[in-house]
Amino acid sequence: MHYIGIDIGGTSIKCGFVSKEGKIFHRFGFPIDHKENQVDTIKRLANLVLINIKEINKKKEDFAGIGIGCPGSINSITGVCCFSNNLGWLDLPIVEIMEKETHLKCKISNDANVAMLGEASFGAGRNFKNSVLLTLGTGVGGGLFLNGKLYEGNEGKGAELGHVIIEKDGYPCTCGLKGCLETYASVTGLIRMSKEEMNKNKSSLMWDYVNKDINKVDGKTAFECAKKGDGSALKVVNKYEDYLTIGILNYCNIFRPEAIILGGGVSNQKEYLTDALLKKVKAHNYGFKGTPEVKILVSNLGNDAGLLGAAALFM
Ligand SMILES: [Zn+2]
């Protein structure tokens, strides 16, 4: 039996046919046309799936179903994308359209949830029954794999781990709250904190790194300059890690996972980041005295976590 995984992103839709071992043996997809009617985009997707099944001389019956990961507020019970800010989609019945057009079974979940399932099934989390995924990108996404299963919460809308408040009256978040983890632990937060520190210290190496142009600051600026020993950059990185540590300690205490898995742009810092975080988390007894060790790992499926996890919705 094979599986179809679809990863809907902000700019493109990536699809793959996946074996039960988690190998992607055929890939296809298309860029999203934001001017296209939302229903037409899904119909186009359904048609492309059928074309590709034919193209590799398979039959629909060879596939258990179509799993989809989609950004935004997704009701995994009804299969509706209730709202996706990036895509401009509203109340789009994705599962209903896909099933009607393809006559294949279809399931959908939030993009971070399927990435979690991907890591738990085939990636960094495959040896654990309890793990937490944090994606450190433009925002902070989260996924929970608990007691050997993906945890989605009511209507599949749980695990918004980026929007736990870690600072009262803190920095305003895009969600309307203040002081969410996302405002500090995202790339966006890291860039803001880097710029703040640069404005305080005009002789910081970070200025040279961006050729004196503060608009060129990205998620790597502080980390790369910290590695060279720049005091201001070290301050930024330390502050960033402290905020992330608060989030991780909270998740440790609530879920007591075996592992925290980091994905997204900042996770490219690999051991430089995870070693520092582990030291801080360990210094706080993983959140509570007498509790077991928690591993802090980096996602090892990268951009395929979502596609593989979507396929795994049918495994
Ligand atoms: Zn928020």
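Residues numbered from 1 in each chain as written. Predicted model: local features only at pLDDT ≥ 70, side-chain atom pairs only at ≥ 80, totals over all residues. Heavy atoms only, no water.

### A short note on the coordination of the zinc ion
- Protein coordination of the zinc ion is provided by His-163 (ND1), Cys-173 (SG), Cys-175 (SG) and Cys-180 (SG), with donor distances spanning 2.0 to 2.3 Å.
- Taken together, the four donor atoms coordinating the zinc ion span angles of 106 to 121° at the metal, a pattern that classifies the geometry as tetrahedral.
- For the zinc ion, all donor residues lie on one chain, and their spacing in sequence is H-x9-C-x1-C-x4-C.
- Judged by its relative accessible area of 9%, Cys-173 falls in the buried class. (Donors = N, O, S within 2.8 Å, 3.2 Å for Na, K, Ca; no water. Tetrahedral: all angles 85-135°; square planar, octahedral: opposite > 155°, others 65-115°. Buried < 20%, exposed > 50% of the residue type's maximum accessible area, 1.4 Å probe, protein only.)

### Brief notes about the domain arrangement of the chain
- We note that the domain assignment places domain 1 (2-119 + 304-312) and domain 2 (127-299) within the chain.
- Inter-centroid distance (C-alpha atoms) of domain 1 to domain 2 is 29 Å.
- Facing the 14 residues of domain 1 at the interface are 17 residues of domain 2.
- Together, the buried faces of domain 1 and domain 2 total about 1,200 Å²; carbon and sulfur atoms form 58% of this surface.
- Among the residues domain 1 hides against domain 2, the three largest losses belong to Asn-113, Met-116 and Glu-119. Together they make up 48% of the total.
- At the boundary of domain 1 and domain 2, one finds zero salt bridges.
- Applying the counting rule to domain 1 against domain 2 returns four residue pairs in polar contact (both at pLDDT 80 or more).
- At the level of elements, strand 5 (73-75), strand 8 (106-110) and helix 3 (111-122) are the ones that each hand at least two residues to the side of domain 1 that touches domain 2. (Domains from an automatic or database assignment. Contact = heavy atoms within 4.5 Å. Buried area = accessible area lost by both parts, 1.4 Å probe. Salt bridge = Lys/Arg side-chain N within 4 Å of Asp/Glu carboxyl O. Polar contact = N/O pair within 3.5 Å; in protein donor to acceptor, adjacent residues only side chain to side chain. Helix = DSSP H or I, 4+ residues; strand = E, 2+ residues; numbered from the N terminus.)

### Regarding the packing of helix 1 (residues 38-55) against helix 2 (residues 94-102)
- Packing of helix 1 against helix 2 leaves a shortest axis separation of 9 Å and a crossing angle of 40°. It follows from the interaxial angle that helix 1 and helix 2 lie oblique. Once helix 1 is placed against helix 2, the crossing between them reads as right-handed. Residue-level contacts link Val-39, Ile-42, Lys-43, Leu-45, Ala-46, Val-49 and Leu-50 of helix 1 to Ile-94, Ile-97, Met-98, Glu-101 and Thr-102 of helix 2. (Axes fitted to C-alpha atoms, helices over the stretch in contact; angles between N-to-C directions. Parallel < 35°, antiparallel > 145°, perpendicular 65-115°, else oblique. Left-handed = near helix turned anticlockwise from the far one by under 90°.)

### Brief notes about the pairing of strand 6 (residues 80-84)
- In terms of burial, strand 6 is a largely internal element, four of the five residues being buried.
- Note that strand 5 and strand 6 share three bridges and pair antiparallel. Bridged to Asn-75 within strand 6 is Val-80.
- Count of turn residues in the strand 5/strand 6 antiparallel hairpin: four residues, of which Gly-79 carries a positive phi of about 75°.
- Looking at chain direction, strand 6 and strand 7 (residues 89-92) are connected through three bridges and run antiparallel. The partner of Cys-81 across the bridge, within strand 7, is Leu-92.
- Linkage of strand 6 to strand 7, two consecutive antiparallel strands, is achieved through a turn of four residues, within which Gly-88 is found at a positive phi near 70°. (Pairing = 2+ DSSP bridges.)

### Side note on the packing of aromatic side chains
- Applying the stated criterion to the full structure yields six aromatic pairs.
- Taking the centre distance of 4.7 Å and the plane angle of 50° together, the rings of Phe-17 and Phe-63 count as tilted. You can see Phe-17 sitting in strand 2 (residues 12-18) and its partner Phe-63 sitting in strand 4 (residues 63-70), a full 46 residues away along the chain.
- Accessibility expressed as a relative area gives 4% for Phe-63, which makes it buried.
- Cluster of aromatic residues (ring-pair linked, three or more members): Phe-17, Phe-25, Phe-28 and Phe-63.
- One cation-aromatic arrangement involves Lys-107 over Phe-314; the distance from NZ or CZ to the ring centre is 4.7 Å.
- It is Lys-227 that lies over the ring of Tyr-272; its NZ or CZ is 5.2 Å from the centre. (Phe/Tyr/Trp six-rings, centres within 6.5 Å; stacked < 30°, edge-to-face > 60°. Lys NZ or Arg CZ within 6 Å of the ring centre and 35° of its normal.)

### Observations regarding the packing of helix 3 against helix 10 (residues 305-312)
- Two elements in contact, helix 3 and helix 10, have axes separated by 7 Å at closest approach and are oriented at 85°. When the interaxial angle is binned, helix 3 and helix 10 end up roughly perpendicular. Judged by residue contacts, Val-114, Ala-115, Leu-117, Gly-118, Glu-119, Ser-121 and Phe-122 of helix 3 engage Ala-305, Gly-306, Leu-308, Gly-309, Ala-310 and Ala-312 from helix 10.
- Looking at the contact of helix 3 with helix 10, its residues break down into eight nonpolar, four polar and one charged. (Nonpolar A, V, L, I, M, F, W, Y, C, P; charged D, E, K, R; others polar.)

### Considerations on the pattern of salt bridges
- Counted by the stated rule, this structure contains 13 salt bridges.
- Ionic pairing is found between Lys-235 and Glu-197, a salt bridge with its closest N-O pair at 3.5 Å. Taken as a pair, Lys-235 in helix 8 (residues 231-255) and Glu-197 in helix 5 (residues 187-200) lie far apart in primary sequence, 38 residues in all.
- When its relative accessible area of 52% is taken as the criterion, Lys-235 is described as exposed.
- Connected through salt bridges with shared partners, the residues Arg-192, Glu-196 and Lys-239 form a single ionic network.

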